[in-house]
Amino acid sequence: MIFTVTMVPAIDVVYTLRDCLDTICTARSRLWYAAGKGINVARGVKDLGGHARVFGLAGGISGRLLQALLATDGLEATLIPASFEVRVNATLSTPGGELHIVEDSPS
């Protein structure tokens, strides 16, 4: 069993854009992922057939979403309630490239 600790987890959302007209873009798809270094390690361990448990801090509505995403991924997790919302990072993916928007970590 591998234990990972993610003090500042995140949720990654990836929008695949179909087309843009002036300043409005149409998203073809949207995917949500639980993220953070420890979570990514735990996912890798699971993908290789091992067993991992995630520990971390998570608060607010985005913290509840993170818990649900971890469960959907089949990752066991113990998230301690925190006073800060979990960061949400966005990626806009187009045929010409990607734009990453990353929220600051809480202080």
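Everything below is about the structure shown above.
Peer 1: Please clarify how the packing of aromatic side chains should be interpreted in this entry.
Peer 2: Note on aromatic pairs: each is described by the distance of the centres and the angle between the planes. One pass over the full model with this rule turns up one aromatic pair. Between Phe3 and Phe55, the ring centres sit 5.8 Å apart and the planes meet at 45°, which makes this aromatic pair tilted. Here Phe3 is found in strand S1 (residues 2–6), whereas its partner Phe55 is found in strand S4 (residues 52–59), with 52 residues between them in sequence. The class of Phe3 is exposed, set by a relative accessible area of 55%.

Peer 1: What should I look at first to understand the sheet that holds S1 in this one?
Peer 2: Ordered by their spatial adjacency, three strands build an open sheet running S1-S4-S5, and the pairing between neighbours is parallel. Looking at the sheet topology across the chains shown, the edges are occupied by S1 and strand S5 (76–85). Taking the axes of each pair of neighbouring strands and ignoring which way they run, one obtains an average angle of 15° across the sheet. Relative to S5, S4 runs parallel, the two sharing seven bridges. Pairing of Val54 across the sheet is with Ala77, part of S5. Contacts from helix H1 (residues 37–47) reach S1 and S4 within the one sheet, and its direction differs from that of S1 by about 155°. Contacting S4 and S5, helix H2 (residues 60–72) crosses the sheet at an angle of about 165° to S5.

Peer 1: Is there a simple way to explain the side chain of Thr6 in this structure?
Peer 2: When you line up the elements, Thr6 lands in strand S1. A relative accessible area of 4% means that Thr6 is categorised as buried. Leaving out residues up to four positions away in the same chain, Thr6 has contacts with Gly36, Lys37, Gly38, Ile39, Phe55, Gly56 and Leu57.

Cut-offs applied
- Residues numbered from 1 in each chain as written.
- Predicted model: local features only at pLDDT ≥ 70, side-chain atom pairs only at ≥ 80, totals over all residues.
- Heavy atoms only, no water.
- Phe/Tyr/Trp six-rings, centres within 6.5 Å; stacked < 30°, edge-to-face > 60°.
- Helix = DSSP H or I, 4+ residues; strand = E, 2+ residues; numbered from the N terminus.
- Buried < 20%, exposed > 50% of the residue type's maximum accessible area, 1.4 Å probe, protein only.
- Pairing = 2+ DSSP bridges.
- Axes fitted to C-alpha atoms, helices over the stretch in contact; angles between N-to-C directions.
- Contact = heavy atoms within 4.5 Å.

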